[in-house]
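# Architecture and fold: a report
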Amino acid sequence: MATYVVVSNWTEQGVKNVKDTIQRMQQFRSNCEQRGIKVLSYYWTQGRYDNVVILEAPDETTVMATLLASALKGAVHTETLRAFSEAEMSAILQKV
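This is a predicted model, so every value here is computed, not measured.

Secondary structure summary: the protein chain contains four helices and four strands in total. Reading the protein chain from its N terminus to its C terminus gives the helix and strand order β-α-α-β-β-α-β-α. Seen through its principal axes, the protein chain has C-alpha atoms that stretch 50 × 30 × 20 Å. Every one of the 96 residues in the protein chain was classed for burial, and the buried ones make up 31%. Residue pairs in contact within the protein chain that sit at least 24 positions apart in sequence constitute 63% of those at least 6 positions apart.

Further remarks concern a nonpolar patch on the surface. Judged by side-chain polarity, F84, M89, I92, L93 and V96 come together as a nonpolar surface patch covering roughly 500 Å² of accessible area. Mapped onto the secondary structure, M89 falls in helix α4 (residues 86–94). Judged by its relative accessible area of 37%, M89 falls in the partly exposed class.

Looking now at the nonpolar core. Grouped together as the largest cluster of nonpolar side chains are 14 residues, with contacts concentrated most on F28, V39, V53 and L55. Residue assignment for this core shows that the elements contributing at least two residues are β1 (2–10), α2 (21–34), β2 (38–44), β3 (51–57) and α3 (60–71).

It is worth spelling out the pattern of salt bridges at this point. If charged atoms from side chains of opposite charge come close, those side chains can pair. This structure, assessed with the given rule, holds two salt bridges. When the shortest N-O distance is used, the salt bridge between E12 and K16 registers 3.4 Å. Taken together, the residues span about one helical turn, with E12 and K16 both in helix α1 (residues 12–16) at a distance of four residues. Taken as a pair, E12 and K16 share a single burial class, namely exposed. A salt bridge links E88 to R82; its shortest N-O distance comes to 3.4 Å. Among the residues examined, E88 registers a relative accessible area of 26% and is labelled partly exposed.

About the thresholds
Residues numbered from 1 in each chain as written. Predicted model: local features only at pLDDT ≥ 70, side-chain atom pairs only at ≥ 80, totals over all residues. Heavy atoms only, no water. Helix = DSSP H or I, 4+ residues; strand = E, 2+ residues; numbered from the N terminus. Buried < 20%, exposed > 50% of the residue type's maximum accessible area, 1.4 Å probe, protein only. Contact = heavy atoms within 4.5 Å. Patch = residues over 30% accessible without salt bridge, like charges linked within 9 Å, V, L, I, M, F, W, Y side chains within 5 Å. Areas by Shrake-Rupley, 256 points an atom, 1.4 Å probe, with all protein chains shown as cover. Salt bridge = Lys/Arg side-chain N within 4 Å of Asp/Glu carboxyl O. Core = buried A, V, L, I, M, F, W, Y, C linked by side-chain atoms within 4.5 Å.

Have a look at this one:
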């Protein structure tokens, strides 16, 4: 499984309904699990982003579909980063 870092910012709708943020996170986690994605951690943050989520997923298309389904609800905008472990980076460097 690949690791992904997802950063997000609340939309105007997300801020208006901020008291539902924990419920939305729980729904997101459930949706991820149904799609074979494991939510390793979910953080509410200060600064440039409102949330940071660390996921393990089988592939990029599963992550994309899951985040698009989440975005359809209108509460967040996301940015996704593929993260590489030390072992993965070592294998990549062997190809350089």
